[in-house]
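Each chain, written out:
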Amino acid sequence: MSVPLPPDQIFAVLRAPSWQIDTRFAGKDLISIEQLRASSVRRILAVADHLENLPPAYQKPILTDINIAVLFYQPSTRTYFSFMRAGQLLGANVIGIHGMDNFSSAYKGETLIDTVRTIEALATDIIVLRHFDDDSALIAANATSVPIINAGSGKLEHPTQALLDLRTILVETGQPSVEGLTVLFVGDLKNGRTVHSLSKLLALMGCRRFIFDSPPQLKMPRNLVDQLALQDVVIEETNNLPLAVQYADVIYDTRVQKEWFRSDADYQQAKDSQQITPAIMSEAKSTAVLMHPLPRVDEISPDVDADPRAAYFRQVNHGLAIRKALLALISGRMS
Ligand code: NCD
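Residues numbered from 1 in each chain as written. Predicted model: local features only at pLDDT ≥ 70, side-chain atom pairs only at ≥ 80, totals over all residues. Heavy atoms only, no water.

**A few points about the pattern of salt bridges**
- Taken as a whole and assessed by the stated rule, the structure comprises 13 salt bridges.
- Here aspartate 22 makes a salt bridge to arginine 24, at a shortest N to O gap of 3.2 Å.
- Owing to a relative accessible area of 22%, aspartate 22 belongs among the partly exposed residues under this scheme.
- Note that lysine 200 and glutamate 157 form a salt bridge whose closest N and O atoms lie 2.7 Å from each other. Residue lysine 200 is located in helix α8 (residues 193–204), and its partner glutamate 157 is located in the loop between β4 (148–153) and α7 (159–173); the two are separated by 43 residues in the primary sequence. No difference in accessibility class separates lysine 200 from glutamate 157, as the two residues are buried.
- Residues joined by salt bridges that share partners form a network here, namely Arg15, Glu34, Glu157 and Lys200. (Salt bridge = Lys/Arg side-chain N within 4 Å of Asp/Glu carboxyl O. Buried < 20%, exposed > 50% of the residue type's maximum accessible area, 1.4 Å probe, protein only. Helix = DSSP H or I, 4+ residues; strand = E, 2+ residues; numbered from the N terminus.)

Written out as structure tokens, the structure reads:
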């Protein structure tokens, strides 16, 4: 088994002009937030709004004859289902394989490169990929001319989740931009790919105040903190949830990522260190928005679900709008 490229090397590749996406998406791979500019993000949001707000009579199957393969090597409920559904709603032919590591030839030892080349040979226009290696989406993109949409690569990135999170923040706060907001990230900031992608996306869109609240062993990776600080983001790192929630416009909670822990004892020690409860929410602003990419385990008490500030199930729905927009843009059926 080859060792995945380290994050710095992956990002160095993706910052090259040939990987950057401006406002022309047709045929492009979406692997990382590093490829995006504010203009490209605004375009995705505008297309998502457009597709969501079309009156029923104007909703057309614009992806007829587009063949989409949704290949997942890691578990998923929302991301898998919403990519499948987004493609279907736009009239595409969508084939999904969940559990690729057990049910594809990967189980027999086939490499990711050979798998995506096989899928390419079978008349495929877009591949949506979730895989446990940080560099998986980059490796796949280099192996095929079929556009790759990264639906989660290792601990590194989850760009489509970040885009749907951004749309959720704008809709829930009612703000025209994220510029004035203070965003609190809570939980497993070391291993969680959603917080890595979202913090970069928010910084790109002008957000300048982050609070990172985690136990000491689950802090945001140092190179990412440094990168954000270079973009003039003011960052506070803490492990004091009742205090931190008082300052937040957005509270973005995450699961402690059991699958990346070396021992169960380490996981057990970390897992219950921070829980959002009604008592914690009583410290938060009345206008705060509580988000979570889900799945939630114990880090948000179910008693919080009825709180109108709890936006995590509304957040799921934004996934459909964003994924429809990305499929329409990358297939070239919208520009
Ligand atoms: C996240 C993921 O897979 O990274 N889930 C998701 O896509 N909504 C978060 C997680 O697994 O904790």
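**Details of the sheet that holds strand β6 (residues 209–213)**
- Spatially, five strands are ordered β7-β6-β5-β8-β9 in an open sheet, and the strand pairing comes out parallel. Edge positions in the sheet fall to β7 (234–238) and β9 (289–291), since each of these pairs with one other strand and no more. Recorded for the sheet is a direction-independent mean angle of 15 degrees between the axes of neighbouring strands.
- Where strand β5 (residues 182–186) meets β6, five bridges bridge the pair, whose relative direction is parallel. The residue bridging valine 183 from the neighbouring strand is phenylalanine 210, located in β6.
- Along the sheet, helix α9 (residues 222–230) contacts β6 and β7; its crossing angle with β7, the most-contacted strand, is approximately 150 degrees. (Pairing = 2+ DSSP bridges. Axes fitted to C-alpha atoms, helices over the stretch in contact; angles between N-to-C directions. Contact = heavy atoms within 4.5 Å.)

**Quick look at the packing of helix α3 (residues 78–89) against helix α13 (residues 312–330)**
- Orientation of α3 relative to α13, taken along the N-to-C sense of each, is 50 degrees, at an axis distance of 8 Å. By the angle between their directions, the pair α3 and α13 is classed as oblique. Crossing geometry of α3 relative to α13 is assigned as right-handed. Only Val316, Gly319, Leu320, Arg323, Lys324 and Leu327 of α13 make contact with α3, whose side of the interface consists of Arg78, Thr79, Ser82, Phe83, Arg85, Ala86, Gly87 and Leu89.
- The class makeup of the residues in the contact of α3 with α13 is six nonpolar, four polar and four charged. (Parallel < 35°, antiparallel > 145°, perpendicular 65-115°, else oblique. Left-handed = near helix turned anticlockwise from the far one by under 90°. Nonpolar A, V, L, I, M, F, W, Y, C, P; charged D, E, K, R; others polar.)

**Details of the pairing of strand β8 (residues 250–253)**
- Residues Val250 and Tyr252 point to one face of β8 and Ile251 and Asp253 to the other, with burial holding for every one of them.
- Relative to β8, β5 is paired through four bridges, and the arrangement is parallel. In the sheet register, valine 183 faces β8, and the bridge partner there is valine 250.
- One ladder, built from three bridges, connects β8 with β9; its direction is parallel. In the sheet register, isoleucine 251 faces β9, and the bridge partner there is leucine 290.

**Overview of the site of the ligand**
- Close to the ligand lie Arg78, Thr79, Arg130, His158, Gln161, Arg193, Thr194, Arg255, Gln257, Pro293, Leu294 and Pro295.
- Interatomic distance of 2.8 Å between a side-chain N/O atom of glutamine 257 and an oxygen atom of the ligand.
- One of the backbone nitrogen or oxygen atoms of proline 293 is found 3.0 Å away from a nitrogen atom of the ligand.
- Its free accessible area being 320 Å², the ligand has 92% of it covered by the protein chains.
- For the shell around the ligand, the secondary structure elements donating two or more residues are α3 and α8.
- Partitioning the shell around the ligand into residue classes produces three nonpolar, five polar and four charged.
- Formed jointly, the shell around the ligand draws a minimum of three residues from each of two domains, domain 1 (7–154 + 319–331) and domain 2 (160–304). (Near = heavy atom within 4 Å. Polar contact = N/O pair within 3.5 Å; in protein donor to acceptor, adjacent residues only side chain to side chain. Areas by Shrake-Rupley, 256 points an atom, 1.4 Å probe, with all protein chains shown as cover. Domains from an automatic or database assignment.)

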